Structures are given as C-alpha cells and as structure tokens.
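Coordinates in review
Below are the chains, spelled out letter by letter.
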Amino acid sequence: MQKIIILDFGSQYTQLIARRIRELDTYCEILPYNKFPAETEDVIGVILSGSPYSVNDPKALEIDLSPIRGKFPLLGICYGAQYLAKNDGGTVESSNTREYGKARLVWHDNQDPLMHGIRDNSVVWMSHGDSITHTPDSFHNVGSTADVKNAAFRIGDEKTWGVQFHPEVYHSEDGLIILGNFVRDICGSNSDWTPESFIESTVERLREQVGDDKVVLALSGGVDSTVAAVLLNKAIGNNLTCIFVDNGLLRLNEFDDVLRSYSDMGLNVIGVDAKEEFYNALKGETDPEKKRKIIGKGFIDIFDREAHKLKDIKWLAQGTIYPDVIESLSITGMVIKSHHNVGGLPEKMNLRLVEPLRLLFKDEVRRVGRQLGISPTLIGRHPFPGPGLGVRILGDITPDKVRILQEADHIYIQALRDWGLYDKVWQAGTILTPIRSVGVMGDERTYENVVALRAVNSTDGMTATWTPLPHDFLAEVSNNIIRKVRGVNRVVYDISSKPPSTIEWE
Ligand code: XMP
C-alpha cells in the first residue's frame, strides 16, 4: 500500500498531520526524524514536521536529507521548511514579531501545484519564533503573509516545498486543500486507504501472522477492544476466545447487556463475575492511586487465571491504537501516559502479542467498526475508564455505594439519550462524593450524599471543556435522581475544564 512518511521533529502537531493525511484516504506513518526507512518501495512522499527547537539551536535535530531530496516529493512544515532553507544556505533568524496564531496568506504563483484551489488571503495558522529571512537563488517564493515574506517556497524544479505555517491545523482554512494537493497531485496518492481496504488487508495479515494458533483477548465493552475482537473473529473465527470481566465497577446492567451483544455478534466470549474479589481487595482503601493499582492488578490476575483454563493459547490480542504507539516512539519523551490499564499483562502471561489496530487513529477505529457492522450504539459509546466507577466513587468503595452510583448514573445517561444529547457530548459520567448534606424530604430531615454530574467536550481527552447542558435537562435529571435513588439528596454540576481539572475526579 502507498504511504507517506512523516519524519517527526517533535512538534505537538505531528499527530495532526498524520490524521489529516489519513482523512485524505492515504496511509501514512510517523517515524522519528532520523529513522527514514531503508525499505522505500511503497513510499510516495515525505513530510518533515515542526519542532519545539529552532534550527539555530545547538541541540537542533539534524538529518541527512540525501536519501530523500530529489528522490521523493518532499514538504517541510514550519521547522521542516526552515531546516530545508538552512540546509541549502538560507538564513533563519529569530523574528522580532513572533508569529503566533492567524495570518493571511497571499500567493504569488497561481501555477504552483501546491496551491491549486487555494483562496488568496485565506487564513493560515502560524506558530514559530523563527523566520526564513534569506533564501538561496534556487528557491522560488510562492506565498507570503504580512510578517513573513517566505511563508511558502518551492526549491527549483524539485518536487520540494516548504511552508512556515501549519496546514494541518484546523484553523488553517485551506490547509486540507494544501495537503491534498501535495498528497494526491504531487505524490500521486490513489486514495487506497479506506476501511474496506484496511479490513481486507488486516484479515489477511492476521491469518498469516496467527495461522491456526489460539488467541485470547480481553474485552472491555469499549470501542477498541470490540473492533479488535470482531476483526480477529473475521480472520480466525473460534480460535479467538474473548474474556469479559465484571469487576463490579461497571455501569448498571452493563455486564449482561454487553455480553449479550457480543454473543449476538458471534464472538466466542466468556463472562467472568469477579465482583466479590474486587470488592474484597478494595475494602477500606481510600487512596486514589492505590485503588487504581488494586483494580489493575486484580484484572491482570483474573484474566491470567481464566486464560490459563483455556488450552494451547499462543497469542494475546490487544486493542492498542496508533496514538499509544506514537507515544511510545515520542522523540522528545515529553508525553507521559498514565492510563495503562492492562500494562503488564503481556509480560505476565508470556504470550506473543497481536495488535490489529496499532495503525489506526480513534476515528478510524470507529469507521472500521461501522464497516464491520458493529451497532452504532456500541461504536458511539463514550469513553469509560478502565477502573470504571472505582475512580468515580471518592473514598472507599462498598457494594452499596456502587449501587447508588449505578442508579444515579443510569438516570443521567438515559436522559442524555432521551434528550438527543448523548452524541453531542464527548464523555459524561456521575460521581459519588463522600460529602453528606442536610435535606428535607416530606416532613423528614435527611442527611445523605451529594452526587456530581460531569459532561465534557474534547477530541482526545488530553484537554476538555465542560459542556453547558440545558438547564431544563439538568433540572429533570437532578429531580429524578433525588426522587428515585435512595441515599442521595443533592445533585451538583461540575463546571471545571481540563486543564487545570481532570475529567475523572480521581
Ligand atoms: P483524566 O481524568 O486524566 O481522563 O482527565 C482523561 C481520559 O482518560 C480516561 N481515563 C482512563 N482510561 N484507564 C482508562 O482506560 C484509566 O485508568 C483512566 N483514567 C482516566 C478518562 O475517562 C478520560 O476519558
């Protein structure tokens, strides 16, 4: 399959470049800046990303461009463009007017293939402190902004371009057209990266990889593990066994509902009721990190035990997706992921790993899931943390607190669906606080718990803003929870965004 290689110099936007190129139905891979592959048969073009460094920095990241320049179409973005200029004898200087944010681009060459269909004066997103102040004679200036003369250039007749702005960022109005011109017209992509082609090639590859071996997979009820399971099932049928563990911290009825829908999909799935084990292990524990560790370890132990009851298992399948893979490649080492639920499982089980989704972004997982015929309700489910309601019951966990939270949460989530709000919210959940407050019900004084409702909008969970749900809706939910859930006499709405708050309360 054709591919574009994105060499990563550490920019916060590198993932976004890849997502945008995938949106153009073209497969691409992010590689560390100095790891251009020796095997280039399928490579149709190369992109040099931005970077937190300046090209003039003594620690600037440098590469040998000789295997790339003139051999593949090449686009340098921001640092990538400045690196191309400096490499050819141009001058890059720290600019007096640091350009951040929106600027308007004026194109100088209507014939340039990178700019077909771009409106003059369209907004582009700038984010750098350096600027190319002098370009060699071989450079052809194709676009400027008010403050940056060499905003876009082509080098001679080579298929090499540089842009000092970020076409991949959504604020760049015609950014996707620029990337489309590069990927389709200049690199010649035939747009063969589609859910259908992914499914076909993955099923074939899985059959080759796994052969007649037996595979075990942990289902969580979430999108990634479900899509991974359905793909593997398509490839190897009943040689795949899925295990779904009830840790007692799932949503109301979730264990039964999800198990039923997995069976309906034809998956070979074992449900394990381990509620008591988890409640016993968690008894009296109030420290959030320790609770997470207990839940994580409990899961690994139970999964390991159940998997060993099966015969001849050779492989462990996981629903790892591309952002996790990229993170582990991170060249600057700045990103730290703290939510590895099943980290440690492969080591413990000593099985070979198969990860059918490791090349996909989340939105691509959903597209593949839809193509595989998985129900829209399952595909559209909000993210749910591995430790489940365990991080939404503040303080120690008891079966009765789980019951209270499950009932309140069910009313909230069902109301979101009934009001047509569920799909407009990225994630919603209910939190049981350890605070008790005084209330009055009928003639009786009550002294019961406070429940908090949370809803956020986000694209990847890294940042999030609280969702302004309609007041009428909140009033109805609050009313119903207080009326119907024994143990709750007050409901509050969380109006904190991330950062500085997090999405989960623990
Ligand atoms: P925070 O609370 O860090 O959450 O803002 C960001 C996103 O990650 C989810 N989350 C988890 N997911 N295991 C998971 O699989 C975890 O331990 C975990 N903790 C938080 C959270 O629900 C949100 O979507």
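Quick caveat, the model's predicted, so the values are computed rather than measured.

Scoring rules and cut-offs
Residues numbered from 1 in each chain as written. Predicted model: local features only at pLDDT ≥ 70, side-chain atom pairs only at ≥ 80, totals over all residues. Heavy atoms only, no water. Helix = DSSP H or I, 4+ residues; strand = E, 2+ residues; numbered from the N terminus. Rg over C-alpha atoms; globule rule 2.2 N^0.38 Å. Buried < 20%, exposed > 50% of the residue type's maximum accessible area, 1.4 Å probe, protein only. Contact = heavy atoms within 4.5 Å. Pairing = 2+ DSSP bridges. Axes fitted to C-alpha atoms, helices over the stretch in contact; angles between N-to-C directions. Core = buried A, V, L, I, M, F, W, Y, C linked by side-chain atoms within 4.5 Å. Parallel < 35°, antiparallel > 145°, perpendicular 65-115°, else oblique. Left-handed = near helix turned anticlockwise from the far one by under 90°. Nonpolar A, V, L, I, M, F, W, Y, C, P; charged D, E, K, R; others polar. Phe/Tyr/Trp six-rings, centres within 6.5 Å; stacked < 30°, edge-to-face > 60°. Lys NZ or Arg CZ within 6 Å of the ring centre and 35° of its normal. Right-handed = clockwise from strand over helix to strand, strands pointing away.

1. Focus: the overall build of the chain
From N to C terminus, the chain includes 14 helices and 18 strands. The C-alpha atoms of the chain give a radius of gyration of 26 Å, which matches the 23 Å a tight globule of 506 residues would have. Its C-alpha atoms give the chain principal-axis dimensions of roughly 85 × 60 × 40 Å. Counting the 506 residues in the chain, one finds 55% classified as buried. Within the chain, residue pairs in contact and separated by at least 24 positions form 76% of the contacts whose partners lie at least 6 positions apart.

2. What to know about the sheet that holds strand S10 (residues 214–219)
Reading across the sheet, the five strands line up as S12-S11-S10-S13-S14 and stay open at both edges, with parallel pairing between neighbours. Bordering the open sheet on either side are strand S12 (269–273) and strand S14 (352–354), each of which pairs with just one other strand. If you compare each strand with its neighbour and ignore which way they point, the axes differ by 30 degrees on average. In terms of strand pairing, S10 meets strand S11 (residues 240–246) through five bridges, oriented parallel.

3. With respect to helix H2 (residues 79–87)
In terms of residue burial, H2 counts as a mostly covered element, since seven of its nine residues are buried. If you check which residues of H2 are buried, you get Tyr79, Gly80, Ala81, Gln82, Tyr83, Leu84 and Ala85. A positive phi of about 95 degrees marks Gly89, the residue just after H2.

4. Thoughts on the nonpolar core
If you look at the biggest cluster of nonpolar residues, it comprises 50 residues, and the most contacted ones within it are Phe303, Tyr412, Leu416, Leu453, Leu469, Phe473 and Ile481. Looking at which element gives the most residues to this core, the answer is helix H13 (residues 399–418), with nine residues. Beyond its immediate sequence surroundings of up to four residues, Phe303 is in contact with Val216, Leu217, Ala218, Ile243, Leu316, Leu345 and Met349. One finds Leu219, Leu267, Trp315 and Val354 within the second-largest nonpolar core, a separate group that totals 41 residues.

5. Things to note about the packing of H13 against helix H14 (residues 471–484)
One way to put it is that H13 packs onto H14 with a least axis distance of 10 Å and a crossing angle of 150 degrees. Between H13 and H14, the interaxial angle falls into the category roughly antiparallel. The chirality of how H13 crosses H14 is right-handed. Of the residues in H14, those touching H13 at Glu407, Ala408, Ile411, Tyr412, Ala415 and Leu416 are Phe473, Val477, Asn480, Ile481 and Lys484. Its residues assigned to classes, the contact of H13 with H14 comprises eight nonpolar, one polar and two charged.

6. Quick notes on the pairing of strand S4 (residues 74–77)
Burial of the side chains of S4 extends over both faces: Leu74 and Gly76 are buried on one face and Leu75 and Ile77 on the other. Pairing between strand S3 (residues 43–48) and S4: three bridges, direction parallel. Bridge pairing in S4 places Leu48 opposite Gly76. Pairing between S4 and strand S9 (residues 160–163): four bridges, direction parallel. Pairing of Leu75 across the sheet is with Trp161, part of S9.

7. Remarks on the packing of aromatic side chains
What the rule picks out here adds up to 15 aromatic pairs. Measuring from ring centre to ring centre gives 5.4 Å for Phe9 and Tyr33, while their planes differ by 35 degrees; the resulting arrangement is tilted. Residue Phe9 is located in the loop between strand S1 (3–8) and helix H1 (14–23), and its partner Tyr33 is located in the loop between strand S2 (28–32) and S3; the two are separated by 24 residues in the primary sequence. Here Phe9 matches Tyr33 in class, with each residue buried. With a centroid separation of 6.0 Å and an interplanar angle of 85 degrees, the aromatic rings of Phe244 and Tyr262 are classed as edge-to-face. You can see Phe244 sitting in strand S11 and its partner Tyr262 sitting in helix H6 (residues 254–264), a full 18 residues away along the chain. Among the aromatic residues, those joined into a cluster by ring pairs are Phe9, Tyr33, Tyr79 and Tyr83. One cation-aromatic arrangement involves Arg22 over Tyr322; the distance from NZ or CZ to the ring centre is 5.0 Å. Here the basic side chain of Arg417 rests over the ring of Tyr422, its NZ or CZ set 3.8 Å away from the ring centre.

8. Comments concerning the pairing of S12
In this structure, S11 lies alongside S12, joined through five bridges in parallel fashion. In the sheet register, Val245 faces S12, and the bridge partner there is Val272. A crossover links S11 with its parallel partner S12, the connecting element being H6, and its sense is right-handed.

9. Focus on the side chain of Asn233
Mapped onto the elements of the fold, Asn233 is located in helix H5 (residues 223–236). Here Asn233 falls in the buried class, since its relative accessible area comes to 18%. Each residue touching Asn233, except ones within four places of it in the same chain, is listed here: Leu240, Met265, Gly266 and Leu267.

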